[in-house]
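What follows is the residue order along each chain.
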Amino acid sequence: MNCYNFEENISVFIESDLSLKLRKEFIQHRETCPGCEDKLNGIVSIINSFKQIESVATSTDFVKNLHQRIDKYNSRKEPLFTRLLNFQPFGLKPVAALGFVTAFTLLTISSFLLFQDDNIPKLNVSEFSQKPSTLSNQAPLMVNSQQVPAVKDSTRKDSLRDASSRFDDQILMVNQKENK
Amino acid sequence: MLEYQISDEELMARFQEGDINAYNQIVYRYKDKLLNFVHRFLNDIDRAEDIVQDTFMKVYTHKHSYREIAKFSTWLYTIAGNLARTELRKFKRRNTYSLSDISYNDKEYEIPVIKDPSLDLDKNNLGKKIQWAMNELPPDFKTMIILRDIQELSYEDISRIVGVPLGTVKSRINRGRLKLQNLLNKIGGR
């Protein structure tokens, strides 16, 4: 062990925390190096001196003063922000209450918007039912409103008009054949 | 070390539930220990007592910050140590002129922190010499030496209080003691 290692291990040696092997080397070095032995003795005497230093005690008013400060602290008016944080509507904590209100508001707004958007097609049955009535003594064209596909008004009207004219042509052809 | 029937942690738990008597017991247990710790750190009994009061006020106002994952004494010493370090910094700032306050014609120097005048009159007083030497140590070394050699806390507790690894604590305490010895040798303290 050299002087540097000796110095590094002084406190560990005093605390009896040095391994057996290092302890032997430490003691061997101390016996051969008077400077290092002085250092060790110096530190031991400093540690012992700490124990001789008179300890101090708090003043007799210490506890009384502390309680005065505590009373003052307890009687102070809480700032507005703290009071708002402690406000508990319906027994809910502020964060939970805020979350509840936000969720409720979002639900209401989204429901309102959903029912406002009316894109369901309306079926004009009166216009549709006029065509088959022109056919005399023929089986009425049975068109159930439920069979009509849900398409836009203009498209639906065109397709119905085409279908009804094709049907009229077919009836005319049958009538002509019968007359012949 | 005194052994109490009710542990500090149990007292703190009672205080957290609103038992003010438990708080008072904590105060009685620690007021003098903390004063010695802070006094060695600041070397001013009045300011040290104020810091100890502030520490107990912090315990009162932040009682729910304590969780029973650490020893109560560790938590308490951490609060006191932080307050003492802040106070020391303020004190040093008050007693040191900033270079920016001195005009270019003035001699640029800093006025050092005023030492205890009684030290010069009574150099043979070992306690005062040690206190003087302690004040010359960097704050980190000083805190650790006070906690180990005066408060007699374990290395593990010191490591938790100052928030540095155990190995660093051991080496700083050793180096601190060596520095202290050099300082005392300079003024003929031994």
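Reading the values: rules and limits
Residues numbered from 1 in each chain as written. Chains lettered and ligands numbered in written order. Predicted model: local features only at pLDDT ≥ 70, side-chain atom pairs only at ≥ 80, totals over all residues. Heavy atoms only, no water. Contact = heavy atoms within 4.5 Å. Buried area = accessible area lost by both parts, 1.4 Å probe. Salt bridge = Lys/Arg side-chain N within 4 Å of Asp/Glu carboxyl O. Polar contact = N/O pair within 3.5 Å; in protein donor to acceptor, adjacent residues only side chain to side chain. Helix = DSSP H or I, 4+ residues; strand = E, 2+ residues; numbered from the N terminus. Nonpolar A, V, L, I, M, F, W, Y, C, P; charged D, E, K, R; others polar. Buried < 20%, exposed > 50% of the residue type's maximum accessible area, 1.4 Å probe, protein only.

With that settled, the discussion passes to the interface of chain A and chain B. Contact residues are listed per partner, giving 34 residues for chain A and 39 residues for chain B. Of the roughly 3200 Å² buried at the junction of chain A and chain B (both faces included), carbon and sulfur atoms supply 62%. Summed over the shared surface of chain A and chain B, the result is 4 salt bridges. Measuring nitrogen to oxygen at the nearest pair gives 3.5 Å for the salt bridge that ties Asp17 of chain A to Lys170 of chain B. The tally of links from chain A across to chain B stands at 17 residue pairs in polar contact (both at pLDDT 80 or more). Put simply, the parts of the chain that give the side of chain A that touches chain B at least two residues each are α1 (3–8), α2 (10–14), α4 (34–52) and α5 (62–75) of chain A. No other element matches α4 of chain A, which puts 11 residues into the side of chain A that touches chain B. Here the side of chain A that touches chain B is composed, by residue class, of 13 nonpolar, 12 polar and 9 charged.

What follows is about the pattern of salt bridges. For the coordinates displayed, the defined rule picks out 15 salt bridges over all chains. The shortest N-O distance in the salt bridge between Lys39 of chain A and Glu7 of chain A comes to 2.3 Å. You can see Lys39 of chain A sitting in helix α4 and its partner Glu7 of chain A sitting in helix α1, a full 32 residues away along the chain. Judged by its relative accessible area of 29%, Lys39 of chain A is partly exposed. Note that Asp149 of chain B is salt-bridged to Arg177 of chain B, the shortest N-O span being 2.7 Å. Separated by 28 residues along the polypeptide, Asp149 of chain B in helix α7 (residues 139–150) and Arg177 of chain B in helix α9 (residues 166–186) bring together distant segments of the chain. Arg177 of chain B gets classed as buried once you look at its relative accessible area, which sits at 2%. Each of the salt bridges in this network shares a partner with another, and the network as a whole consists of Glu15 of chain A together with Arg148, Asp149 and Arg177 of chain B.

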